[in-house]
Amino acid sequence: MKNADQWKPTKFERTNKGVWRSSRKEVPARSRLIADRLASVYAAAIATHAKGRLADLGCGAVPLYGIYRDRVSDVFCVDWPGSTHGAAYVDLFADLNEQLVLEQESFDTIIASDVIEHLHTPQALFDSAARALRPGGKLIVGVPFFYWLHEIPHDYHRYTRFALERMTTKAGLSTIELTSYGGVTDVLSDLATKAVASRPRIASSVYWLTALMRALPPVKKLGLATRESMPMGYLLVAEKVLAPPSLEGG
């Protein structure tokens, strides 16, 4: 990763207890809830699956670097020219809607964190990842579902688990983990905070008030019960299956 020594945390931070969450300094109240959820699901997936040489597609400010850097041997960052998140860490500029020029079977882990909703042709990213992964390598993809429009005009899609599974299968990858996060209580809390986004102090108060409400046992139970039917988003882990050993005739 270019300029790795200059990297600074942005979206996520680690607490004194070792838990990853949204940065209280960098993330405004209107986006803090979903960033909290993302920190949790990405940290869990990275701890389980990330290894070896890693490619971060649509890297931006590389918000996950602090989570995966000690688990991998090398990081390669890809983003499109003119990204709103800057280009300080980009090793390769490319249009992620097109087939990426990455060496075949050269990566053990590929991450696309909240990227594919900004692609009008997301299948290209899955196909590129399938080609660039080594056998046994993992693709980690996070994507929002019940979430407001952002990075306009480059916000094209919202995906169900069925669409994610289809793109995975079409690329020749195998889904090994596909989990939803959030639920109706998270969705409503997020909407309430965003409804007053133009008033930061009020938004902060709504964030903390809804956090207290979601901690109540009946509310927490409702959130868990509706995580599949009304998710904030999904976390997908797909694998490039090891090729079966060839059988020699005779």
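Up top is the structure.
Residues numbered from 1 in each chain as written. Predicted model: local features only at pLDDT ≥ 70, side-chain atom pairs only at ≥ 80, totals over all residues. Heavy atoms only, no water.

All right, on to the overall build of the protein then. Helices and strands together make up the secondary structure of the protein, namely seven helices and nine strands. The C-alpha radius of gyration of the protein comes to 19 Å, within 12% of the 18 Å expected for a compact globule of 250 residues. Overall, the protein is about 70 × 40 × 40 Å in size when its C-alpha atoms are taken along their principal axes. Scored against the burial criterion, the 250 residues of the protein give a buried share of 50%. (Helix = DSSP H or I, 4+ residues; strand = E, 2+ residues; numbered from the N terminus. Rg over C-alpha atoms; globule rule 2.2 N^0.38 Å. Buried < 20%, exposed > 50% of the residue type's maximum accessible area, 1.4 Å probe, protein only.)

Picture the strands of a sheet paired through backbone hydrogen bonds; they go either parallel or antiparallel. Read from one edge to the other, the open sheet built from seven strands follows the order S5-S4-S3-S6-S7-S9-S8, with strand pairing classed as mixed. The open sheet terminates on both sides in strands that have one partner only, identified here as strand S5 (92–93) and strand S8 (174–181). Of the pairings in the sheet, the one linking strand S7 (residues 133–144) to strand S9 (residues 233–239) comprises seven bridges and is antiparallel in character. Residue pairing in the sheet places Val141 in a bridge with Leu236 of S9. Against the sheet, helix H1 (residues 29–49) touches strand S6 (107–113), S7, S8 and S9, its axis set at about 155° to S8. Contacting S7, S8 and S9, helix H4 (residues 161–170) runs over the sheet at an angle of about 160° to S8. (Pairing = 2+ DSSP bridges. Contact = heavy atoms within 4.5 Å. Axes fitted to C-alpha atoms, helices over the stretch in contact; angles between N-to-C directions.)

Next up on the list: the pattern of salt bridges. For the coordinates displayed, the defined rule picks out 10 salt bridges. Arg53 is the partner of Asp74 in a salt bridge, and the nearest nitrogen-oxygen pair spans 3.1 Å. In this pair, Asp74 is assigned in strand S4 (residues 74–79) and Arg53 in strand S3 (residues 53–57), connecting sequence segments 21 residues apart. On the accessibility criterion, Asp74 (33% relative accessible area) is partly exposed. In this structure, the salt-bridge partner of Arg214 is Asp186, at a minimum N-O distance of 3.2 Å. Here Asp186 lies in helix H5 (residues 184–195) and Arg214 lies in helix H6 (residues 200–214), a separation of 28 residues in the sequence. (Salt bridge = Lys/Arg side-chain N within 4 Å of Asp/Glu carboxyl O.)

With that settled, the discussion passes to the packing of aromatic side chains. This model, assessed by the stated rule, comprises six aromatic pairs. Measuring from centroid to centroid gives 6.0 Å for Phe76 and Phe107, while their planes differ by 45°, and the two rings are tilted. You can see Phe76 sitting in strand S4 and its partner Phe107 sitting in strand S6, a full 31 residues away along the chain. Ring centres 5.0 Å apart and planes at 85° place the aromatic pair Phe145 and Phe146 in the edge-to-face group. Classification of Phe146 as partly exposed rests on a relative accessible area of 34%. Linked through ring pairs, Trp7, Tyr65 and Tyr68 together constitute an aromatic cluster. A cation over a ring is seen here: Arg32 above Tyr207, with NZ or CZ 5.4 Å from the ring centre. (Phe/Tyr/Trp six-rings, centres within 6.5 Å; stacked < 30°, edge-to-face > 60°. Lys NZ or Arg CZ within 6 Å of the ring centre and 35° of its normal.)

Looking now at the environment of Pro231. Along the polypeptide, Pro231 turns up in the loop between helix H7 (217–225) and S9. The spatial distance from the C-alpha of Pro231 to the C-alpha of Tyr159 is 11 Å, given a sequence separation of 72 residues. Ignoring sequence-local partners within four residues, the contact set of Pro231 consists of Phe145, Phe146, Ser180, Tyr181, Gly183, Val187 and Thr226.

What follows concerns H5. For an α-helix the count is 3.6 residues per turn, leaving residues at separations of three or four pointing the same way. Taking 1.5 Å per residue as the helical rise, H5 with its 12 residues ought to reach 16 Å, and the 16 Å between its terminal C-alpha atoms agrees with that figure. Of all the residues in H5, the buried ones are Val184, Thr185, Asp186, Val187, Ser189, Asp190, Thr193 and Lys194. Along its buried surface, H5 packs onto H1, H6 and H7. (Expected span 1.5 Å × (residues − 1).)

Now for a nonpolar patch on the surface. On the surface, a cluster of nonpolar side chains totalling about 290 Å² of accessible area is made up of Leu209, Met213 and Leu216. Along the chain, Met213 turns up in helix H6. Its relative accessible area of 45% is what places Met213 among the partly exposed residues. (Patch = residues over 30% accessible without salt bridge, like charges linked within 9 Å, V, L, I, M, F, W, Y side chains within 5 Å. Areas by Shrake-Rupley, 256 points an atom, 1.4 Å probe, with all protein chains shown as cover.)

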